[in-house]
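Examining the three-dimensional arrangement
Spelled out from the first residue to the last, the chains are:
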Amino acid sequence: MVVYLNEHAFGHELGEALASNVRDAMAAGVSILILHEREAEHGALPFEHFYHITPEDLVRRGLYRQLATPWYHGQHARVSRAVAASAMGASRKMHRAVRERQASARLRPCAEDAKVAPAPQAEAALPEMVVQPISGLASLSATAAA
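Read on for a plain summary of the structure. (Residues numbered from 1 in each chain as written. Predicted model: local features only at pLDDT ≥ 70, side-chain atom pairs only at ≥ 80, totals over all residues. Heavy atoms only, no water.)

**A closer look at the pairing of strand S2 (residues 33-37)**
For clarity, the cut-off: Burial classification: accessible surface area is computed with a 1.4 Å probe over protein chains only, and a residue below 20% of its type maximum counts as buried, one above 50% as exposed, and the rest as partly exposed. Runs of H or I in DSSP of at least four residues are treated as helices and runs of E of at least two as strands, each being numbered from the N terminus. Should DSSP find at least two bridges between two strands, the strands are regarded as paired.
Counting buried positions over the five residues of S2 gives five, a clear majority of the element. Judged by which residues are buried, S2 turns out to be covered on both faces: Leu33, Leu35 and Glu37 on one side and Ile34 and His36 on the other are all buried. Here four bridges tie strand S1 (residues 2-5) to S2, and the two strands are oriented parallel to one another. Note on S2: the bridge partner recorded for Tyr4 is Leu35. Relative to strand S3 (residues 69-71), S2 runs parallel, the two sharing three bridges. Residue His36 lies in a different strand from S3, and its bridge partner there is Pro70.

See the structure below:
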């Protein structure tokens, strides 16, 4: 299980649902990876803040016993993802195998004359896709084209 700590964790209106999910995971013996948001524009808070807002029973049961993984965006995103993947058991060997499968599955580009353009009336009816950031994550929503 991954617990993403930012301004919306625990102290927010969905905090009790998160705490309940964490309790269930701990009771089932599920490994928990704590990602600590480090960038202010994505809701970063000092780690000490989470000790104050996390339900006491979770702290006592060892939720924060293992070090949290710092979560960065931009130029440091690859490192954050690699550290998190490693904490979840991934290895360089696994990474190479996945990359090799991806490379062998790539299709060759189509010839220019094989491309099909949508009919003008169909193109006007297609929804416009908008990416909206939500708590440091992205959500895709369709809005009708004007």
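**Quick look at helix H4 (residues 77-87)**
The test is simple: The arc under discussion is defined with respect to the helix axis, by the directions toward the C-beta atoms.
Along H4, the residues classified as buried are Ala77, Ser80 and Ala84. Seen along its axis, H4 keeps its buried residues to an arc of 65 degrees; they face one direction. Looking at H4, the residues exposed on the side facing more than 90 degrees away from the buried face are Arg78 and Val79. Directly beyond the C-terminal end of H4, a positive phi value near 105 degrees is found at Gly89.

**Side note on the sheet that holds S3**
Rule in force here: Structural elements are reduced to axes, namely lines fitted to C-alpha atoms, with helices fitted over the stretch in contact, and the angle between N-to-C directions of any two is expressed from 0 to 180 degrees. Should any heavy atoms of two residues lie within 4.5 Å, those residues are counted as being in contact.
With parallel pairing, three strands are arranged side by side in an open sheet as S1-S2-S3. The sheet is open, and its two borders are formed by S1 and S3, each paired with just one other strand. Ignoring strand direction, the axes of neighbouring strands in this sheet form an average angle of 30 degrees. The sheet contacts of H4 involve S2 and S3, and relative to S3 the element is tilted by about 150 degrees.

Everything listed here is a matter of geometry and, on its own, says nothing about what the molecule does.
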